Amino acid sequence: MDYFLDLVISGLMVGALYGIIAMGFAMIYKATGVVNFAQGEVLMLVAYIAYTLTTLIDMPFWLLIPATIMIGMIVGLIVEFLFIRPMIGEPVFATVMVTIGLAVFIRSLVVLLWDAFPHEFVTSLSEQVIEISGIRLYPSQIVAFITYLVLMAAFWSFFRYSRIGIAMRAVANKETVALLMGIRIKHVYAVAWALSSIIAGIAGVLFASIYDLDPTISAMGLNAFPAAILGGLDSVLGSGFGGLIIGVVENLTGGYLSTGLKSVSGFVVIILVLMVRPYGLFGEPEIERV
Amino acid sequence: MSGAPPRGRETDPASTTAEGMTATSSALLELTNVQIFYDKAIEAVRDVSLSVKKGSLVALLGANGAGKTTVLKAISGILFPEDGTVEGGTIEFDGKNIAAMEPDEIVRSGIVLVPEGRQLFDTLTVEENLIMGGYTTTQRNAAEALERIYDMFPALTGRRHSVSGYLSGGEQQMVALGRALMSKPKLLMLDEPTLGLAPQIIEEIFSTISALVREEGTTVLLVEQNAQLALSVADYGYIMENGRVVLDDTPERLLRNDDICEFYLGFSDAGARKNMRDVKHYKRRKRWLS
Ligand SMILES: Nc1ncnc2c1ncn2[C@@H]1O[C@H](COP(=O)(O)OP(=O)(O)OP(=O)(O)O)[C@@H](O)[C@H]1O
Ligand SMILES: [Mg+2]
């Protein structure tokens, strides 16, 4: 039972990171209809820039988070402006192709500007393992989980109460009608990319501070993808929740069956769920767009 | 705000108000020889000139496929998602050419369209729909406008937080109308606002529209299938056929001519015989068009 609980808890911790990244996928998909295959690479880029910043300035953890938010926002806006905005009006499929190209580009860029070796991402968080009633956790894991909860709550209220958040849902619902309200679709797209990069960057920094920083971190994007599909690609909060499920399922599979099946298990779960609910657990049955 | 506006071209006092209109024209909206294509190939509107005076209610009538909706979309600047383009003529609002403006600039300059089929954001609540209608105004103005809309349509007050997709047709039309009024437009364009509604609701919608024009000084361009009803409240009427304006006159004179009533408006003076003559009327019109 203790072993089970241990697997579940550490699964939730990984799942929180998946959930955060999955929210980024959903954010862009919901607003623009595009699956961003460069999500993991944006995460990597923000994490590397944040890493360089920590090597230059001695930064306390509470400052690292706002710094990451700034970096994520700037990266997101630049990527949107350079690569995505010119694609507005082109078929969605073409834009998805651009994100695949973008992924390769960022990966090469990172290896070129930094290197391919692992770096220790030192944060001011203590490395001391904390034991809460028999369960051993690193402080950074706890921080990751709290960040996840905060982000879930923040996005919930963002979509419910902020004008731009409601506008994002309106654009996802009926794009042409959103134009009639005076909503600038380009603004909404840019905000979606900025927010998505911010949360990807936060996930990247948290991940790097728990493990190490090297180019394989970009695989986090693909690892979190099942979470977004499971929760419903157009549901930001659903995707966030999907992360927890995938995290726990992966951990249980790894713990009871075999480590080799671990990363496959997430995909098995989504195949099973999609058979029953093709639009994911929390997704809308259909989205109308132009 | 004044009552019913004078009809004379030179004597409209509204043209000398603070809006900074040119003295040569008393029209708030002026379309001159507008020609519109879809996909660069389908000529949906061949030659439309029409003028809407400030403070007046103008009806735009015509059979299915005449091009009425296309004209409204052109004015709102939302032809581009359907690959429509204005190839000829000018669209002037308040003395400015708006043909090349972005949809959000057009909304900000005071033109709002209630599209055909209501087109609510059906995944959003009633209140969220209304908030989107006020997207271009300040938060404070939007909050005030919201209260005004609930005063205007008390039936909506209790349904604020209902998902709008589940409302009845009549309630949905109220939301659509309320949403358009949130930004206090100078020119309100309505595309078949009574489609599929019960007679009692139709009456309610029409009295609201009349009140907007007569009491609040709003200018209205109304597209309607129900020509008799539209002409009963309008100051002036245009009749379109096959992408052209074929007739324009005062409602009194349009209604006085039996042939016009029969060929273009789809009813004869002898209202009781209307149903019996429907078939014959349809055949005659087809012959007329070929
Ligand atoms: N997106 C489009 N692509 C191509 N042709 C179109 C498109 N939209 C409309 N049309 C064509 O343009 C013409 C005018 O259509 P429009 O919808 O403006 O007519 P309407 O007067 O509003 O008709 P209704 O009374 O049925 O609403 C029609 O022949 C229609 O088939
Ligand atoms: Mg129409």
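Residues numbered from 1 in each chain as written. Chains lettered and ligands numbered in written order. Predicted model: local features only at pLDDT ≥ 70, side-chain atom pairs only at ≥ 80, totals over all residues. Heavy atoms only, no water.

Participant: Can you explain the coordination of the magnesium ion (ligand 2)? Please cite residues and give values.
Facilitator: Each pair of donors in an ideal octahedron of six around a metal sits at 90 or 180 degrees, and each pair in an ideal tetrahedron of four sits at 109.5 degrees. All names here are of chain B. At 1.8 to 2.8 Å from the magnesium ion (ligand 2) lie its protein donor atoms, namely Thr69 (OG1) and Glu116 (OE). Here Thr69 is found in helix 1 (residues 68-76), whereas its partner Glu116 is found in the loop between strand 6 (111-114) and helix 3 (126-133), with 47 residues between them in sequence. By relative accessible area, which is 18% here, Thr69 ends up buried. (Donors = N, O, S within 2.8 Å, 3.2 Å for Na, K, Ca; no water. Helix = DSSP H or I, 4+ residues; strand = E, 2+ residues; numbered from the N terminus. Buried < 20%, exposed > 50% of the residue type's maximum accessible area, 1.4 Å probe, protein only.)

Participant: Describe the pairing of strand 7 (residues 187-191) of chain B, naming the residues involved and giving the relevant values.
Facilitator: Residues and elements named next belong to chain B. In terms of residue burial, strand 7 counts as a mostly covered element, since five of its five residues are buried. Pairing of strand 6 with strand 7, which is carried by four bridges, proceeds in the parallel orientation. Its bridge partner lying in strand 7, Val112 is registered against Leu188. Two elements, strand 7 and strand 8 (residues 219-223), share five bridges in a ladder whose sense is parallel. From the neighbouring strand, Asp191 faces strand 8, where its bridge partner is Val223. A crossover connection joins strand 7 to the parallel strand 8 through helix 7 (residues 199-216); in handedness this β-α-β unit is right-handed. (Pairing = 2+ DSSP bridges. Right-handed = clockwise from strand over helix to strand, strands pointing away.)

Participant: Which residues make up the nonpolar core, and what values go with them?
Facilitator: Buried together is how nonpolar side chains tend to be arranged in soluble globular proteins. Formed by 126 residues in total, the largest nonpolar core has its most connected members in Ile183(A), Leu29(B), Ile75(B), Met132(B) and Leu221(B). With sequence-adjacent residues up to four places away left out, Leu221(B) is seen in contact with Leu29(B), Val52(B), Val58(B), Leu60(B), Leu72(B), Ile75(B), Leu187(B), Leu188(B), Met189(B) and Leu190(B). Core analysis: the next-biggest nonpolar cluster, separate from the first, contains 43 residues, Phe153(B), Leu156(B), Leu177(B) and Ile205(B) among them. (Core = buried A, V, L, I, M, F, W, Y, C linked by side-chain atoms within 4.5 Å. Contact = heavy atoms within 4.5 Å.)

Participant: Talk me through the site of ligand 1; I want residue IDs and the actual numbers.
Facilitator: Residues and elements named next belong to chain B. The immediate surroundings of ligand 1 are formed by 15 residues, with Asn64, Lys68, Thr69, Thr70 and Glu116 found nearest. Between ligand 1 and the protein, one listed contact pairs a nitrogen atom with a side-chain N or O atom of Tyr38 at 3.5 Å. Within the complex, the protein chains bury 69% of what would otherwise be the 630 Å² of accessible surface of ligand 1. Elements with a minimum of two residues in the shell around ligand 1: strand 2 (42-53) and helix 1. (Near = heavy atom within 4 Å. Polar contact = N/O pair within 3.5 Å; in protein donor to acceptor, adjacent residues only side chain to side chain. Areas by Shrake-Rupley, 256 points an atom, 1.4 Å probe, with all protein chains shown as cover.)

Participant: So what's going on with helix 6 (residues 163-173) of chain A? Which residues, and what values?
Facilitator: Within helix 6 of chain A, ten of the eleven residues are buried, which leaves it mostly tucked inside the rest of the structure. Buried residues of helix 6 of chain A: Arg163(A), Gly165(A), Ile166(A), Ala167(A), Met168(A), Arg169(A), Ala170(A), Val171(A), Ala172(A) and Asn173(A), and no others. Considering only its buried residues, helix 6 of chain A is in contact with helix 1 (2-32), helix 5 (139-161), helix 7 (175-180) and helix 8 (185-210) of chain A together with helix 3 and helix 4 (139-152) of chain B.

Participant: Any chance you could break down the packing of helix 5 of chain A against helix 8 of chain A for me, citing the residues and the numbers?
Facilitator: Residues and elements named next belong to chain A. Taken N-terminus to C-terminus, the directions of helix 5 and helix 8 make an angle of 170°; their axes are 9 Å apart at the nearest point. Relative to helix 8, helix 5 is oriented roughly antiparallel. On helix 8, the residues that touch Ser140, Gln141, Val143, Ala144, Thr147, Leu151, Phe155 and Phe158 of helix 5 are Leu195, Ile199, Ile202, Leu206, Ser209 and Ile210. Among the residues forming the contact of helix 5 with helix 8, the class breakdown is ten nonpolar, four polar and no charged. (Axes fitted to C-alpha atoms, helices over the stretch in contact; angles between N-to-C directions. Parallel < 35°, antiparallel > 145°, perpendicular 65-115°, else oblique. Nonpolar A, V, L, I, M, F, W, Y, C, P; charged D, E, K, R; others polar.)

Participant: Go over the interface of chain A and chain B with me, naming the residues and quoting the values.
Facilitator: Residue-level contacts link 20 residues of chain A with 28 residues of chain B. For the pairing of chain A and chain B, the buried interface totals around 2300 Å² over both sides, and the portion due to carbon and sulfur atoms is 62%. Ranking the residues of chain A by area buried against chain B places Arg163(A), Leu180(A) and Met181(A) at the top, with a combined share of 36%. Inspection of the chain A/chain B interface yields three salt bridges. We note a salt bridge from Asp104(B) to Arg184(A), for which the minimum N-O separation is 2.9 Å. Between the two partners, chain A and chain B, sit eight residue pairs in polar contact (both at pLDDT 80 or more). No other element matches helix 6 of chain A, which puts seven residues into the side of chain A that touches chain B. (Buried area = accessible area lost by both parts, 1.4 Å probe. Salt bridge = Lys/Arg side-chain N within 4 Å of Asp/Glu carboxyl O.)

Participant: Describe the environment of Ala145(B), and please don't skip the residues or the numbers.
Facilitator: In this fold, Ala145(B) is placed in helix 4. As a C-alpha pair, Ala145(B) and Leu130(B) span 15 residues in sequence and 9.1 Å in three-dimensional space.

Participant: Lay out the confidence of the model for chain B in plain terms, naming residues and giving numbers.
Facilitator: Interpretation of the predicted coordinates at a detailed level should be avoided for regions scoring low in pLDDT. Residue and element names in this part refer to chain B. Averaged over all residues, the pLDDT of chain B is 83; the fraction at 70 or higher stands at 81%. Contacts from residues 1-25, a stretch scored under 50 in pLDDT, to residues over four places away or in other chains number 34 contacts. Here residues 269-290 scores under 50 on pLDDT; set against residues more than four positions off or in separate chains, the count is 19 contacts. Prediction confidence for the complex, expressed as pTM and ipTM, is 0.84 and 0.82 respectively. (pLDDT = per-residue confidence, 0-100.)

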